[in-house]
Amino acid sequence: MTALVPVLGRFKTMDAVEQKILAAVDAQRETLLAFAQDIGAHAEPGFFETRTAARVAELLRGCGLSPQTGLARTGVKAVLQGGTPGPCAAVIGELDGILCPAHPAANPENGVAHACGHNAQLTALVGAALALSAPGVAEALSGSVAFFAVPAEEYVPIGTRQALQKQGVEFCCGKSELLRTGGFDGVDLALTTHVHMIPCESDLLLGNVACNGFTSKTVVFHGKATAPHAGVNALNAAALALNAVGLLRETFRECDTVRIHTNIREGGAALNVVPETVVMEAMVRAATLEALDDAARKFDRACTHAAEALGAHAEILTYQGYMPVRPAPADPALLAAAALPGLSAQCAEPGMQNIASTDVGDLSQVIPVVNFTHGGTAGALHSADFAVTDVDKAYIAPAKMMALTAYHLLKDGAVLARRTMDGFTPVFTRESYIETVRRQG
């Protein structure tokens, strides 16, 4: 028996395997909702998601899989083999939350909350695992699916990074560290999802919307603590540098969506002592690698010469950030999957731009990324008012989308997966990516 369902205003016939996938997710609805709520109530910071990783591994074992654990400290990966050989598609979910102690569901132990919807991603991951491992489904795949729960998508503070480096974690974010350590070796393309990251009225937004990359900076302004008439005020140097950075705005092209965020982490020792050392942190964002390099050079120049103008010295430390997400239209497999009853869908369009950043950008520079975002939430990302308002749209529909997309990529000799792979030109090999990141900071 077949079923007709709408997809982007048209109708398609659901084949027997698609119906099995949907039935498998529906049969596990309560399990998935309980998992989403449990993960949402116990958020953990990047590279320290031990409880979250253990829960993911537990459900993957329940699917008859044998997960690897401890990848890049906390990552979990389990591979489902299809009926015949072919490409490997990685279904990705992110383990960490964001520091947001004001959120109603913030973990009281650490102030971290899933105010970015990563518990929804993990629910999609385990839901896809349940569906694709169901009888009669895996056999229809020409290739394999790697269910990959990855750590540390959110920004990890510099101090934490430095402590982790002493423990062997060289790169600053989960996907970057997994690229370095070989976690993505053998993976031919990746499937990712997120709650909507730009305004979208539809339930599903299909394709990769461009996202800014960023470079992380710490600027230490060195002055001289003595009598005001003879001293060098490092805080004044920082203030002048902030003004200079602001005046750079007209030098940035609109299409490069440059954003510079700053924070004074240390502003002097006492009010009645000339500030001798002031520490400013900054995040320089831009839409392309070239624009990012340009903006970072201008930022450095503004800080250096503002400090010199007041007799101070600016020591600029550059750290690895995230690379921009390369935009991509809706993959044919996504279009085939977006046939879920009761859901509206639209395709990402050229010119759509998310000024925020994600380490999916690093992945998109190396392997093809097939992405969709979804609704079912309200409030702003990374804020106390972020909330899930529709559990079916936030948790169940993404699980179905992930499973259906993986199926369409790998069915019929993996023709759609191979088409996606053939149409992708990497910016970096794994080796050149590692070399570039090390050179940047």
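Residues numbered from 1 in each chain as written. Predicted model: local features only at pLDDT ≥ 70, side-chain atom pairs only at ≥ 80, totals over all residues. Heavy atoms only, no water.

(A) Molecular detail of the packing of aromatic side chains. Throughout the structure, instances matching the rule amount to four aromatic pairs. With a centroid separation of 6.3 Å and an interplanar angle of 65°, the aromatic rings of Phe428 and Tyr433 are classed as edge-to-face. Judged by relative accessible area, which is 13%, Phe428 ranks as buried. Of the residues examined, Tyr433 reaches a relative accessible area of 0% and is grouped as buried. A connected cluster of aromatic rings, assembled from ring pairs, spans Tyr155, Phe214 and Tyr322. When the ring centre of Phe48 is taken as origin, the NZ or CZ atom of Arg73, which lies over that ring, is 4.7 Å away. The residue whose ring lies beneath Arg180 is Phe171, and the NZ or CZ to ring-centre distance is 5.9 Å. (Phe/Tyr/Trp six-rings, centres within 6.5 Å; stacked < 30°, edge-to-face > 60°. Buried < 20%, exposed > 50% of the residue type's maximum accessible area, 1.4 Å probe, protein only. Lys NZ or Arg CZ within 6 Å of the ring centre and 35° of its normal.)

(B) Spatial organisation of the sheet that holds strand β10 (residues 204-206). An order of β3-β4-β8-β5-β9-β18-β10-β16 is seen for the eight strands of this open sheet, with the pairing classed as mixed. The strands lining the two open edges of the sheet, one partner per strand, are β3 (68-71) and β16 (345-347). Within this sheet the neighbouring strands show an average axis-to-axis angle of 20°, counted without direction. Pairing between strand β5 (residues 84-94) and strand β9 (residues 189-195): three bridges, direction parallel. By the bridge assignment for β9, Ala90 is matched with Ala190. Together, β4 (75-81), β5, β8 (142-150), β9 and β18 (369-374) form the strand contacts of helix α4 (residues 118-132), whose direction differs from that of β5 by roughly 150°. Helix α6 (residues 174-181) contacts β3, β5 and β8 of the sheet and is inclined by roughly 125° relative to β8. (Pairing = 2+ DSSP bridges. Helix = DSSP H or I, 4+ residues; strand = E, 2+ residues; numbered from the N terminus. Axes fitted to C-alpha atoms, helices over the stretch in contact; angles between N-to-C directions. Contact = heavy atoms within 4.5 Å.)

(C) A look at the sheet that holds strand β15 (residues 313-322). Taken in spatial order, the four strands make up an open sheet running β13-β14-β12-β15, and their pairing is antiparallel. Sheet topology places β13 (259-266) and β15 at the edges, where each strand pairs with a single neighbour. Neighbour to neighbour, the strand axes of the sheet diverge by 20° on average, direction disregarded. Judged from the eight bridges that link them, strand β12 (residues 213-222) and β15 form a sheet pairing that is antiparallel. The partner of Phe214 across the bridge, within β15, is Tyr322.

(D) Structural context of the pattern of salt bridges. Inspection of the entire model under this criterion finds 21 salt bridges. The closest approach of N and O atoms between Glu170 and Arg438, which form a salt bridge, is 2.7 Å. Here Glu170, found in the loop between α5 (158-165) and α6, pairs with Arg438, found in helix α13 (residues 430-440); they are 268 residues apart in sequence, far enough to count as distant. Beyond isolated ion pairs, a larger network of salt bridges with shared partners links Asp38, Arg51, Arg55 and Glu58. (Salt bridge = Lys/Arg side-chain N within 4 Å of Asp/Glu carboxyl O.)

(E) Representation of the layout of surface pockets. In this structure, the largest pocket occupies an estimated 840 Å³ of space. Lining the largest pocket we find 34 residues, and of these Ile98, Glu154, Tyr155, Met283 and His382 sit closest to its centre. Taken together, the elements giving at least two residues each to the lining of the largest pocket come down to β6 (98-99), β12, β13 and β14 (277-286). Classifying every residue of the lining of the largest pocket by side-chain character gives 16 nonpolar, 12 polar and six charged. (1 Å grid on protein atoms, 1.4 Å probe; cavity = no way out; pocket = protein on both sides within 12 Å on 5 of 7 lines; lining within 4 Å. Points joined across faces, edges and corners; volume = space filled by probe spheres on them. Nonpolar A, V, L, I, M, F, W, Y, C, P; charged D, E, K, R; others polar.)

(F) Representation of unusual backbone geometry. A positive phi angle is found at Thr257, which is not glycine, with a value near 40°. When you line up the elements, Thr257 lands in the loop between α7 (234-246) and β13. We classify Thr257 as buried; its relative accessible area is 13%. If you check the backbone angles, His382 has positive phi at about 65° while not being a glycine. Inspection of the secondary structure assignment puts His382 in the loop between β19 (377-378) and β20 (387-388).

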